Amino acid sequence: MYAYTDFDRDFLAERNAQFRAQVERRIDGSLTEDEFKPLRLMNGLYLQLHAYMLRVAIPYGTLNGSQMRQLAMIADRWDKGYGHFTTRQNIQYNWPQLRDVPDMLDALAEVGMHAIQTSGNTIRNVTADHFAGAAAEEVTDPRPVAELIRQWSTDHPEFQFLGRKFKIAVTGSDQDRAVTAAHDIGLRLVERDGEIGAMVLVGGGLGRTPMIGKILNDFVALPDLLPYLEAVVAVYNLLGRRDNKYKARIKITVHENGIDEIRRHVDAEFPARKAAFNGADMALLDQIRADFAAPIFEDGQGAFLTHYEHDPVFRSFVDTNTAPHRHEDYVILTVSTKAHGATPGDASSDQMRVLADIAETYAHDELRISHEQNVILPHMPKRHLRAVHAALAKAGLATANVGLISDIIACPGMDYCALATARSIPVAQEIAERFEELKLEHEVGPLKIKISGCINACGHHHVGHIGILGLDRAGVENYQITLGGDGGPDAVIGERAGPGFAYTEVTDAIERLVRAYLDIREDASETFLDTYRRLGAAPFKAALYPEEAKADAA
Amino acid sequence: MPRQFTPKVVTANALLEGDVVYLDPQGHWTRNHAEADLIEDQATADIRLLEAQAQAHEIVGAYLADARKGPKGPEPIHFREAFRTRGPSNYDHGKQEGL
């Protein structure tokens, strides 16, 4: 893992001292809210529906046990004993008080964490594949590049007042677990003739106008990467629209100018940018790489196979929540935060401490937060899996539902968010509980439901196999359903199925959809998404709107 | 004919805690919607909002929200404002805590 240098520590200490003084000046009346707001946003502090909210970056989703334990301490001391993991690999505290926030930031700095650029029109927290450094099929660990981008983008003087927020994601695998095609810039690290470089996608994004990113360059060698990124963001900074907030993201710039025109601008900008870099970035990348060296893996599986064969609960947990690791005696373990009826992404401080203990005791002291709002133990030895399962079960963290219908992404929605137009969390809770009652989810198999409480799409509903979008229709919560979205390497935006549903109708509608799928799939190996692709939307629409289907038939 | 005026309350968030607050008839901030001043005409609403915005040392983001008379005092009309009187639906946190 990246270890902070003296430079990083000094920078953070100074930045936190500045913010502490800004908070004091806001409280004593020297700063108006208009003056203070951009300052607090730069430091991740929002004012939400019921309280302030502090959004803390977990860069590329990676943290260690002591960091997780500190997050738990902060939750207990200054919040209500829990935190919320988000779809951008951040953690949000929902109840901080303004006076306490500088102390919270200092506590974060003690473990090399911060909330800088988790808001505002800047380059946001850089996200990455949550299986980075562990996945069997990975080309290269994306995190050194992500850390390099974090350092380059933090307080970058040219990019503090972009037209709009700017999100970068990096993957080093062709599985693309980082949803790179839905980011302002998506980087896919690839190998060509023995050299690692990045395929650069630009102009992806969800929200009001969902777009899949387009390939700007199919191979940028690593020594060119930062100057190339700088050229792209600089072109956007000047070319992007500032007359209309809803047309300000780079996806609109790309859409309106065309990818070829953007490429022409970037290519024209690149040489001057490249000339300003003297290779220090590559020297830094080498140092960062050393920090991300893989742990020394130990051979042997112990009694894993015996437990696996004789304990069906353990077997189901292993089958559902683990993925292949690059070392045969290890797995990647996904810990679901989505016990049926729980709030997706929430972890109590006790749960955080259990996860920290497990990471430190058994799993090379590494944890990840996924954009799917789960916690990953990326290097889990098979020989410890049984003990870990028992410890997780005691903490309510052993739900075997990863990738299944109850593993729902849900934004905070109108239970917390000031921008939301409807609630998301209780919709997710009710769907998960329904399918638990029906005992159907393992039969249904892989199915991603994603729920957003407004058009901004933090819940990634556009790329859910089933997407749910909560809206305000004439003063009543109303939920639109989209079908066939996919956030994988060949990302697809889902299609709207038809008229929305009332809050009390959503779960029934989802059950009808899923039952229709079970009726029409070829066999258990054909997933919901495969069936949708084979048959199209018609049979699913008929299930969603049975009255209309009847009328059509009459 | 002039459009019928929907009565309003002035609401905001407290500067220090972020908690939802309402302007009461005496011009003080209350945490309880039922104690809010229910404003019956646009001109008064505009003035009360300006007065509220002038209290930036106490509150953030004042605005007018639709409300109606209820048995215990003003009640919210829109579901967003109803949520703001209680707190989130997934935990017993916020104003509903300890009620």
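Only a predicted model underlies this, so the values are computations on that prediction, with no experimental measurement involved. (Residues numbered from 1 in each chain as written. Chains lettered and ligands numbered in written order. Predicted model: local features only at pLDDT ≥ 70, side-chain atom pairs only at ≥ 80, totals over all residues.)

Engineer: Residues and numbers for the overall build of chain B, please.
Structural biologist: Counting secondary structure elements, chain B contains two helices and five strands. Starting at the N terminus, the α and β elements of chain B follow one another as β-β-β-α-β-β-α. Rg of the C-alpha trace for chain B: 13 Å, near the compact-globule value of 13 Å for 99 residues, within the 12% margin. Counting over 99 residues, chain B shows a buried share of 33%. Here the analysis covers contacts within chain B between residues at least 6 apart in sequence; of these, 52% occur between residues at least 24 apart. (Helix = DSSP H or I, 4+ residues; strand = E, 2+ residues; numbered from the N terminus. Rg over C-alpha atoms; globule rule 2.2 N^0.38 Å. Buried ≥ 20, exposed ≤ 12 C-beta atoms within 10 Å, placed from the backbone. Contact = placed C-beta atoms within 7 Å.)

Engineer: Describe the overall build of chain A, listing the residues and the values that go with them.
Structural biologist: If you tally the helices and strands in chain A, you get 19 helices and 21 strands. Rg of the C-alpha trace for chain A: 23 Å, near the compact-globule value of 24 Å for 554 residues, within the 12% margin. Its C-alpha atoms give chain A principal-axis dimensions of about 65 × 60 × 60 Å. Counting over 554 residues, chain A shows a buried share of 53%.

Engineer: Outline the sheet that holds strand E8 (residues 185-192) of chain A, listing residues and values.
Structural biologist: Residues and elements named next belong to chain A. Taken in spatial order, the five strands of this open sheet run E6-E7-E8-E9-E10, and their pairing is mixed. Where the open sheet ends on each side, the last strands, each with one partner, are strand E6 (127-128) and strand E10 (214-221). Sheet topology places strand E7 (residues 168-171) next to E8; four bridges connect them, and they run parallel. Bridge pairing in E8 places Thr-171 opposite Arg-188. In this fold helix H5 (residues 143-153) packs onto E6, E7 and E8, with an angle of close to 160° to the strand it touches most, E7. (Pairing = 2+ DSSP bridges. Axes fitted to C-alpha atoms, helices over the stretch in contact; angles between N-to-C directions.)

Engineer: Explain the interface of chain A and chain B to me, using residue names and the numbers behind them.
Structural biologist: Contacts between chain A and chain B engage 23 residues on the former and 22 residues on the latter. Broken down by element, the residue count for the side of chain A that touches chain B peaks at three residues, all from helix H14 (residues 425-438) of chain A. When grouped by side-chain class, the residues that make up the side of chain A that touches chain B number ten nonpolar, seven polar and six charged. (Nonpolar A, V, L, I, M, F, W, Y, C, P; charged D, E, K, R; others polar.)

Engineer: Give a detailed account of the nonpolar core, specifying residues and quantitative values.
Structural biologist: Nonpolar side chains in soluble globular proteins tend to be buried together. Counting residues in each nonpolar core, the largest one holds 171 residues, and the members touching the most others are Val-170, Val-232, Leu-355 and Leu-513 of chain A. When residues in this core are grouped by element, the largest group, nine residues, is from helix H6 (residues 222-239) of chain A. (Core = buried A, V, L, I, M, F, W, Y, C linked by C-beta atoms within 7 Å.)

Engineer: Before we move on, could you go through the domain arrangement of chain A and cite the residues and values that matter?
Structural biologist: According to the domain assignment, chain A contains domain 1 (6-110), domain 2 (142-291), domain 3 (322-394) and domain 4 (409-553). Domain 2 of chain A and domain 3 of chain A are separated by 31 Å when their C-alpha centres are compared. (Domains from an automatic or database assignment.)

Engineer: Before we move on, can you summarise the sheet that holds strand E3 (residues 62-63) of chain A with the specific residues and values?
Structural biologist: The strand order E3-E14-E15-E12-E11 (chain A) describes an open sheet built from five strands, whose pairing is antiparallel. Two strands close off the open sheet at either side, each with one partner strand: E3 and strand E11 (322-324) of chain A.

Engineer: Can you tell me about the confidence of the model for chain B, naming the residues and giving the values?
Structural biologist: In the predicted model, chain B carries a mean pLDDT of 95, and the fraction of residues at 70 or more is 98%. Per the prediction output, this complex has pTM 0.96; the corresponding ipTM is 0.96. (pLDDT = per-residue confidence, 0-100.)

Engineer: An account of unusual backbone geometry is needed here, citing residue identities and associated values.
Structural biologist: All names here are of chain A. Phi is positive for Gln-373, which is not a glycine, with a value near 70°. Along the chain, Gln-373 turns up in the loop between strand E14 (367-369) and strand E15 (375-381). In this structure Gln-373 comes out as buried when scored by C-beta crowding, with 25 C-beta atoms within 10 Å. For Ala-474, which is not a glycine, the phi torsion comes out positive at approximately 55°. Here Ala-474 lies in the loop between strand E18 (466-473) and strand E19 (476-483). Take Ala-474: there are 5 C-beta atoms within 10 Å of it, and that puts it in the exposed class.

Engineer: Which residues make up the packing of helix H12 (residues 349-362) of chain A against helix H13 (residues 385-394) of chain A, and what are the values?
Structural biologist: Residues and elements named next belong to chain A. Two elements in contact, H12 and H13, have axes separated by 10 Å at closest approach and are oriented at 170°. Accordingly, the angle class assigned to the pair H12 and H13 is roughly antiparallel. Residues Val-354, Ile-358 and Tyr-362 of H12 touch H13, and the partners they reach there are Ala-387, Val-388 and Ala-391. When the residues that make up the contact of H12 with H13 are grouped by side-chain class, the tally is six nonpolar, no polar and no charged. (Parallel < 35°, antiparallel > 145°, perpendicular 65-115°, else oblique.)

Engineer: Would you mind going over the pairing of strand E1 (residues 8-14) of chain B in detail, with residue names and values included?
Structural biologist: Residue and element names in this part refer to chain B. Of all seven residues in E1, six are buried; the element is thus mostly enclosed. Looking at chain direction, E1 and strand E4 (residues 59-68) are connected through six bridges and run antiparallel. Directly across from Lys-8, in E4, lies its bridge partner Asp-66. Bridge count for E1 against strand E2 (residues 20-23) is three bridges, and the pairing is antiparallel. The residue of E2 that forms the bridge with Ala-12 is Val-21. In sequence, E1 turns back onto E2 through a hairpin of five residues, with Gly-18 there showing a positive phi of about 85°.

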